[in-house]
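If you want the building blocks of each chain, they are given just below.
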Amino acid sequence: MRIKHILTTVTVMTGMAMSAETPVYLDPNAPVEARVEDALSRMTLEEKVGLCHAQSKFTSKGVERLGIPEVRMSDGPHGVRAEINWNDWGYAGWTSDSITAFPALTALAATWNPEMSALYGKCVGEEARYRDKNVLLGPGVNIYRTPLNGRNFEYMGEDPYLAGEMAVPYIQELQKNGVAACVKHFALNDQEKWRGSVNVDVSDRALYEIYLPAFKKAVQEGGSWSIMGAYNKVWDQHCCHNERLLQDILRGEWGFDGAVITDWGGAHDTKEAALNGLDIEMGSYTNGLTSESEFGYDDYFLADPYLDMLKSGEVPMSTVDDKARNILRLIFRTSMNTSKPFGSKCTPEHYAAAKAIGDESIVLLKNTGILPLDGNKYNSILVVGENATRCLTEGGGSSELKVKDYVSPLSALHALYGDKVKYAKGYVSGRSLYEKEDVIPQEELDKLRSEAVAMAKDADVVIYVGGLNKNAWQDCESTDRREYSLPFGQNELIEELIKANPNIVIANITGNAYEMPWIEKVPAVLHLSYLGTMGGASLADVVAGKVNPSGKLPYSIPVKLEDCGANSFGVESYPGVETENGPRQKYMEDILVGYRWHDTKKIPALFPFGHGISYTTFAYGKPVLSAKQMSEGEAITVTVPVTNKGAVGGKEIVQLYIGDEKASVLRPVKELKHFDKISLAPGESKDVAFTITPDDLKFFDDKKHEWVAEPGKFKVYIGSSSADIRAVDSFNYKYSLK
Ligand code: GLC
């Protein structure tokens, strides 16, 4: 083989040397498609197959002979992961790969501010470019179906419209750095339990109305240059080589022209991978992610076994040309894009961006007036909780980050309030990663709790900073949470702290909803996710009132787990059941995910989707519709005046939901169709305008396989949350008679 290959190479090189001018594929001014075709025409079969699989943990092959570089990939959605060894999961121990950790994407979603998404994509793209990565493995847009999903912190909430709107700017700005986004995990990877094998049974309506829209927007509006196949199955076929997902929907219906990359170890069959649109197989070893094996990279499904099938004619040569084209296009957009900038990392601008996003992500759930905390009113402020000091960028799985700097809540509160601030850990959680669990002795927990309670008695006010963390079975990849309540004995601790000192602010850091049995007894609750490098500063500034909180929940917080649709049908719905053909689950809540469930089943959430209050108040005036009748091809403008009635400036997220009053199919009471975040000075008013089009009225008709708006009455809900509706109006839609 080698001798023949070398002879071929020499022949081709001789041919190339003959043409003096620059080959088209090397001409930066040539159109990408011309470069693709020229490069393809010069490649051998082996070189084309070589493009289709990993050659190391995080790189796939280029074409050495033609000077086409390898594809260098890196996690993750919140920042550039530390360098990993060439061929094992260990960290390489570099000293030049510390970066800025940006807020978790669920925090970005909680800002409801597409400008923050654009800023995020720009900055994380600059860091990925500086670290010389061609593909950044994110953003994640899987839907928040259950509060037990260990990876919800990496995603953008329960509503497909919000998730899509908040993913697009991130992707667009990231890719301006010549770094490809890799929107993930396509599709229906909405839990971690059995993620590698669970077969999801979902209706086409739920698939098209809930689980696909954010991916579709990421592809069609975001222009994502790559997409990651999910580990799980749907229609009994692995997503990484799923014919309907990748060929019919992604390529056929959406026109995706990027590269499909597996999740690591997500390929399981050569013929399916050859025929169903997979382009690059990544992973550790062919038989999965973590188990060592005798397999090398040439044994991957899309390596020698694929080459053999091509040579034997078992699969057509056109399949490898299609794959090579998609991969070459990715390469010419990234590593061989000579006009890309040079990036930067850990800059003041990036820290300021992380802070601004974090500031806007914090959700004030409840406040009877204790917040903002006026330092002059208190002589002693006790901070309690492990999350006040723990570095929360570590752990959680592939999105973990090695930060250059980390501002903890305790250090930021101390910087603001000085020596008035005292600290008690209150609880510890250990380091349980990847299904290995540290068990904390009860006596240690009791000791920490009694110390904190004793100190609380002597303090003027208590700030509790707990929540979840990135341990296994918390907010962590490859495991789901085992309970809806706070772990590590925190509820008992909080109850005892309340008894010791009712002047308490709860500021829990989590990527998920959780049970709040003490909610009636506390004067204030802040809900924030993992905010990265500047997270502590964001929290402290909100507590002190330097920042007026303006985040809103991107997911519902049910009173109890059974109030969540996915968790109200038993194990078949979540987490699924084991069968002789592997685990299977049925999305039995169907289209009624999140607030759609709470509204339709009339089960009030403890805190509803879209909820978040401010240190000021906003009054909504009467909405005005430009018309009360709309036909196909027409639009209605809705204008609503919003006024800041308080004494401090603030930002309000005005939400517009649409409800179909009489549909031929089951539809949610209302669905989010528009939102706008506005900034108002004290006393200031602004008219917020939205444009409603027939697309906003449609549901997916799975019989006709098309989106349909039925004639009839539609309601317009203007809200400060999905449950805090400030105004309702209606209009009639009818098919155009022309
Ligand atoms: C992991 C994750 C995926 C990540 C990849 C590489 O299993 O599911 O999100 O990008 O492997 O680490």
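This is a predicted model, so every value here is computed, not measured.

Draft legend 1. Examining the overall build of the protein chain more closely. If you tally the helices and strands in the protein chain, you get 18 helices and 27 strands. For a compact globule of 738 residues, the expected C-alpha radius of gyration is about 27 Å, and the protein chain comes in at 26 Å, within 12% of that figure. Taken along the three principal axes of its C-alpha coordinates, the protein chain extends 85 × 70 × 55 Å. Classification of the 738 residues of the protein chain by burial places 64% in the buried group. A sequence separation of at least 24 residues applies to 75% of the contacts in the protein chain between residues at least 6 apart. As displayed, the protein chain offers around 26100 Å² of accessible surface, 53% of which is attributable to carbon and sulfur atoms.

Draft legend 2. Looking closely at unusual backbone geometry. Cis geometry marks the peptide bond from Asp-75 to Gly-76, where omega comes out at -10 degrees. With respect to the helices, strands and loops of the structure, Gly-76 is situated in the loop between β2 (71–74) and α4 (105–111). With an omega of -5 degrees, the peptide bond between Leu-371 and Pro-372 qualifies as cis. Summarising the element assignment, Pro-372 is placed in the loop between β10 (363–367) and β11 (381–384). Of note, Asp-132 is a non-glycine position whose phi angle comes to about 60 degrees, a positive value. Within the fold, Asp-132 resides in the loop between α5 (114–130) and β3 (135–136). The exposure class of Asp-132 is partly exposed, given its relative accessible area of 36%. Positive phi, close to 55 degrees, is recorded for Asp-590, a residue that is not glycine. The topology assignment puts Asp-590 in the loop between β16 (584–586) and α18 (595–600).

Draft legend 3. Here's a closer look at the site of the ligand. Surveying the vicinity of the ligand reveals 16 residues, the closest of which are Asp-75, Arg-151, His-185, Tyr-231 and Asp-263. Asp-75 is positioned such that a nitrogen or oxygen atom in its side chain is 2.6 Å from an oxygen atom of the ligand. Separating an oxygen atom of the ligand from a side-chain N or O atom of Arg-151 is a distance of 2.8 Å. Burial of the ligand by the protein amounts to 99% of the accessible area it has alone, namely 310 Å². Residue classes in the shell around the ligand are distributed as seven nonpolar, two polar and seven charged.

Basis of the calculations
- Residues numbered from 1 in each chain as written.
- Predicted model: local features only at pLDDT ≥ 70, side-chain atom pairs only at ≥ 80, totals over all residues.
- Heavy atoms only, no water.
- Helix = DSSP H or I, 4+ residues; strand = E, 2+ residues; numbered from the N terminus.
- Rg over C-alpha atoms; globule rule 2.2 N^0.38 Å.
- Buried < 20%, exposed > 50% of the residue type's maximum accessible area, 1.4 Å probe, protein only.
- Contact = heavy atoms within 4.5 Å.
- Areas by Shrake-Rupley, 256 points an atom, 1.4 Å probe, with all protein chains shown as cover.
- Near = heavy atom within 4 Å.
- Polar contact = N/O pair within 3.5 Å; in protein donor to acceptor, adjacent residues only side chain to side chain.
- Nonpolar A, V, L, I, M, F, W, Y, C, P; charged D, E, K, R; others polar.

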